[in-house]
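Now for the letters of each chain:
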Amino acid sequence: MSTIATESTADSRATQPTPLFERILLPIDGSELSLRAFSMGLELARSLGATAIAMHVVPPYNAIAYMTEFLAAAELRYSQHALESASHYLDSALALAKQARVPCECHYVFGEHPHEAILNAVTEHHCDLVVMATHGWHGVNRLLLGSETQKVSMRSPVPVLVCR
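Attention here is on the structure that accompanies the text. (Residues numbered from 1 in each chain as written. Predicted model: local features only at pLDDT ≥ 70, side-chain atom pairs only at ≥ 80, totals over all residues. Heavy atoms only, no water.)

**Details of the overall build of the protein chain**
A tally of regular secondary structure across the protein chain gives six helices and five strands. Starting at the N terminus, the α and β elements of the protein chain follow one another as α-β-α-β-α-β-α-β-α-α-β. Relative to its full complement of 164 residues, the protein chain shows a buried share of 34%. Once local pairs closer than 6 in sequence are excluded, the contacts in the protein chain between residues at least 24 apart make up 77%. Total accessible area computed for the protein chain in this model is approximately 10400 Å², and 57% of it derives from carbon and sulfur atoms. (Helix = DSSP H or I, 4+ residues; strand = E, 2+ residues; numbered from the N terminus. Buried < 20%, exposed > 50% of the residue type's maximum accessible area, 1.4 Å probe, protein only. Contact = heavy atoms within 4.5 Å. Areas by Shrake-Rupley, 256 points an atom, 1.4 Å probe, with all protein chains shown as cover.)

Here you go:
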């Protein structure tokens, strides 16, 4: 009889639902579109009881390597400004998450290719979903600028929810 009870106990544990998504990566670039996608991701996280992972990719300073002192000073000013912007974006994200009562971690990373940084963050932060905006570029703009969202969705090991 105890064997039957043990099996039914194991069966009841096996049928308990597990959360669909536990850690949702929400990349933001400061645009209205990315903040709208962030809000949608927060709403999803709240309804699932998931943790939001807000992330901003800071592009590195690019310059031709001449006039070393001038460029070093310009790079320092750029980095300071870029970090201030990242802090502003992430502070806004954290405030929205607190308002929505969703646990939220905030991260920034320097990266020349945002899609690569986002894909690395999926692994590093053990995310099981990415929610991000698409800027909806078409034609030549899409060809020249590329689509970070498309690159993420094509290479991501986890599902990507794209918000227009």
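Next comes the rest of the account.
**Observations concerning the pattern of salt bridges**
Evaluated as defined, the whole model comprises three salt bridges. A salt bridge links Arg23 to Glu105; the nearest nitrogen and oxygen atoms lie 3.1 Å apart. Of this pair, Arg23 sits in strand 1 (residues 23–27) while Glu105 sits in strand 3 (residues 104–110), and the two are 82 residues apart along the sequence. Judged by relative accessible area, Glu105 falls into the partly exposed class, the value being 28%. Note that Glu43 and Arg46 form a salt bridge whose closest N and O atoms lie 2.3 Å from each other. (Salt bridge = Lys/Arg side-chain N within 4 Å of Asp/Glu carboxyl O.)

**Things to note about the sheet that holds strand 1**
Strand pairing within a sheet occurs via backbone hydrogen bonds; the two strands may be parallel or antiparallel. Strand order across the open sheet formed by five strands is 3-2-1-4-5, with parallel pairing between neighbours. The open sheet is flanked by strand 3 and strand 5 (160–163), the only strands paired with a single partner. Each adjacent strand pair in this sheet contributes to an overall mean axis angle of 20°, direction not counted. Pairing of strand 1 with strand 4 (residues 129–133), which is carried by two bridges, proceeds in the parallel orientation. Paired with Ile24 across the bridge in strand 4 is Leu129. Contacts between helix 4 (residues 114–124) and the sheet are confined to strand 1, strand 2 (51–58), strand 3 and strand 4, with strand 2 contributing the most and set at about 150° to the helix. (Pairing = 2+ DSSP bridges. Axes fitted to C-alpha atoms, helices over the stretch in contact; angles between N-to-C directions.)

**Quick look at the packing of helix 4 against helix 6 (residues 148–155)**
Packing of helix 4 against helix 6 brings their axes to within 9 Å, and their N-to-C directions diverge by 40°. The angle between the axes of helix 4 and helix 6 places the two elements in the oblique class. Here helix 4 and helix 6 pass one another in a crossing that is right-handed. Here Pro114, His115, Ile118 and Leu119 of helix 4 lie close against helix 6, whose contacting residues are Glu148, Lys151, Val152 and Arg155. (Parallel < 35°, antiparallel > 145°, perpendicular 65-115°, else oblique. Left-handed = near helix turned anticlockwise from the far one by under 90°.)

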